[in-house]
Amino acid sequence: MSDALRSVLGASITDLGHDWSGALDCTQETVIVLGRAQDSPEALRLIARLGTSRNTRFVSVLFAGEQDGTALAERALSLGANDAFCGDIDDHALAARVRAVNNHAMLTNMLRASMSNSLRLAMVDALTGLYNRRYAEQYLTKAIARAADTGRGLFVMMLDLDNFKTINDQYG
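Residues numbered from 1 in each chain as written. Predicted model: local features only at pLDDT ≥ 70, side-chain atom pairs only at ≥ 80, totals over all residues. Heavy atoms only, no water.

Teacher, can you tell me more about the overall build of the protein chain here?
Helix and strand counts for the protein chain come out as six helices and three strands. Taken from the N to the C terminus, the helices and strands of the protein chain come in the order α-β-α-β-α-β-α-α-α. Long-range pairs, those at least 24 residues apart, make up 45% of the contacts in the protein chain between residues at least 6 apart in sequence. Only carbon and sulfur atoms are counted for the fraction: they give 55% of the accessible area of the protein chain, which is about 12,200 Å². (Helix = DSSP H or I, 4+ residues; strand = E, 2+ residues; numbered from the N terminus. Contact = heavy atoms within 4.5 Å. Areas by Shrake-Rupley, 256 points an atom, 1.4 Å probe, with all protein chains shown as cover.)

Here's what the structure looks like:
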């Protein structure tokens, strides 16, 4: 990794070289650039491992292939690389690609967090913070199937609170 690229990105960059064991310890804010000096089949295996590992499945990967490496670049993209290119590239162009991949990753993370929050809000009553009927329906369906599969019993308790309608009507 050149010093020029480090200065263009203005960030701390770690070059793993040929020791990729550290890649599996990366966080989702990381962009990994796998370059052509590295063993391509091994790089493709690493891309697949990063995508299937719970800790690294959201790490961004940029694959740099040889001049005639179009097939490898396509394979890298199909395995989960976020960007791929073949041939020589100057530091400024590489920095722009890294920034673009990183920006896309940040937007994707924000979308993922928003979606997770929306799903939570759909399953939880805003007033009480308790799970609602939508959650109960999904949970009970799974619990009944699990009880049938294991042959174990299932206990369900329902509460009917007197005058709760008045509270609910007044406070929502």
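So what exactly am I meant to see when it comes to the packing of aromatic side chains here?
The geometry of an aromatic ring pair is captured by two quantities: the separation of the ring centres and the angle between the planes. By the definition in use, this model includes two aromatic pairs. Note on tyrosine 131 and tyrosine 135: the rings are 3.7 Å apart at their centroids and 15 degrees apart in plane angle, and the pair reads as stacked. The exposure class assigned to tyrosine 131 is exposed, which follows from its relative accessible area of 55%. Centroid distance tyrosine 135 to tyrosine 139: 5.8 Å. Interplanar angle 15 degrees. Geometry classified as stacked. Taken as a pair, tyrosine 135 and tyrosine 139 lie in helix 5 (residues 133–150) at a separation of four residues, close to a single helical turn. Its relative accessible area of 26% is what places tyrosine 135 among the partly exposed residues. Since its relative accessible area comes to 42%, tyrosine 139 is described here as partly exposed. Three or more aromatic residues joined by ring pairs form one cluster here, namely Tyr131, Tyr135 and Tyr139. A cation sits over an aromatic face here: arginine 112 above phenylalanine 58, 3.4 Å from the ring centre. (Phe/Tyr/Trp six-rings, centres within 6.5 Å; stacked < 30°, edge-to-face > 60°. Buried < 20%, exposed > 50% of the residue type's maximum accessible area, 1.4 Å probe, protein only. Lys NZ or Arg CZ within 6 Å of the ring centre and 35° of its normal.)

I would appreciate a short explanation of the pattern of salt bridges in the present structure.
Where charged atoms of side chains with opposite charge meet at close range, the side chains can pair. On inspection of all chains with the given rule, the structure shows three salt bridges. When the shortest N-O distance is used, the salt bridge between glutamate 42 and arginine 45 registers 2.7 Å. Taken as a pair, glutamate 42 and arginine 45 lie in helix 2 (residues 40–52) at a separation of three residues, close to a single helical turn. Between glutamate 137 and arginine 133 there is a salt bridge, with the nearest N and O atoms lying 2.7 Å from each other. Taken together, the residues span about one helical turn, with glutamate 137 and arginine 133 both in helix 5 at a distance of four residues. Exposure remark for glutamate 137: the relative accessible area of 43% places this residue in the partly exposed category. (Salt bridge = Lys/Arg side-chain N within 4 Å of Asp/Glu carboxyl O.)

What should I look at first to understand the packing of helix 2 against helix 3 (residues 70–79) in this one?
The axes of two packed helices give the description: the angle between them and the distance between them. Look at helix 2 against helix 3: their axes get within 9 Å of each other, and the N-to-C directions meet at 15 degrees. Taken together, helix 2 and helix 3 sit at an angle that is classed as roughly parallel. In terms of crossing hand, the pair formed by helix 2 and helix 3 is right-handed. On helix 3, the residues that touch Ser40, Leu44, Ile47 and Ala48 of helix 2 are Leu72, Arg75, Ala76 and Leu79. (Axes fitted to C-alpha atoms, helices over the stretch in contact; angles between N-to-C directions. Parallel < 35°, antiparallel > 145°, perpendicular 65-115°, else oblique. Left-handed = near helix turned anticlockwise from the far one by under 90°.)

Looking at this model, I keep getting lost on the environment of valine 156. Mind explaining?
Along the chain, valine 156 falls in the loop between helix 5 and helix 6 (164–171). Separated by 16 residues in the primary sequence, valine 156 and leucine 140 place their C-alpha atoms 8.8 Å from one another.

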